[in-house]
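Overview (structure and organization)
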Amino acid sequence: SSRVYFRPRKMEDGSYVIALPMGTKDLAACDVEETGLVVKNILDNFDKFSGKTVQVSGELSPMSRYTDIISKVTGKTVKYQEVPLKVFGSFGSPGAHELEVMFEYYQSGKFLRNPEETRAMFPGAGKTFEEWVMATRKVSSN
């Protein structure tokens, strides 16, 4: 079963909201279930990857694109709501500060990943977000 982090929150009007501190900046997304395929490929080709940093991504898009995709695939209205970084970190939930630091790094522009490069390096990996939502929707509706 797929893991979903930052699930949409249902609103009183029946729509859904995903609230994250990303603004209009791109956020890299990948299917965590593809991790084994990537690691196996690295271990099978150790000489090629030795000493290198490998970044994996299936999609690099702003949150508004992700919520548009979820809306399109599910037929439900899902919107992105920006939350200021410091507000997000003050929520008091376990790991809130660590998530604040993570999103601050994402916003910095240093977290650049290339989905096409992922697909070229690791055949079978690099599922797009829409492909992932379609697959996850099928699992969750069974």
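Structure first, text after, so check above.
Just so you know, these numbers come straight off a predicted model, no measurement behind them.

A few words now on the sheet that holds strand β5 (residues 78-82). Read across the open sheet, the three strands follow the order β1-β2-β5; overall the sheet is mixed. Two strands in the sheet have a free side with no partner beyond their single neighbour: β1 (9-10) and β5. Here β1 runs beside strand β2 (residues 16-20); their pairing, made up of two bridges, is antiparallel. Residue R9 lies in a different strand from β2, and its bridge partner there is V17. Running at roughly 160° to β5, helix α3 (residues 63-74) makes contact with β2 and β5 of the sheet.

Inspection of every chain in the model, using the stated rule, returns six salt bridges. With a shortest N-O distance of 2.9 Å, E130 and K72 are connected by a salt bridge. Taken together, the positions of E130 in helix α7 (residues 129-140) and K72 in helix α3 put the pair 58 residues apart, joining distant regions of the chain. Here K86 makes a salt bridge to E100, at a shortest N to O gap of 3.0 Å. Pair noted here: K86 is in helix α4 (residues 85-89) and E100 is in helix α5 (residues 96-107), with a separation of 14 residues, a long-range link. Note on E100: relative accessible area 7%, which makes it buried.

Scoring rules and cut-offs
- Residues numbered from 1 in each chain as written.
- Predicted model: local features only at pLDDT ≥ 70, side-chain atom pairs only at ≥ 80, totals over all residues.
- Heavy atoms only, no water.
- Pairing = 2+ DSSP bridges.
- Helix = DSSP H or I, 4+ residues; strand = E, 2+ residues; numbered from the N terminus.
- Contact = heavy atoms within 4.5 Å.
- Axes fitted to C-alpha atoms, helices over the stretch in contact; angles between N-to-C directions.
- Salt bridge = Lys/Arg side-chain N within 4 Å of Asp/Glu carboxyl O.
- Buried < 20%, exposed > 50% of the residue type's maximum accessible area, 1.4 Å probe, protein only.

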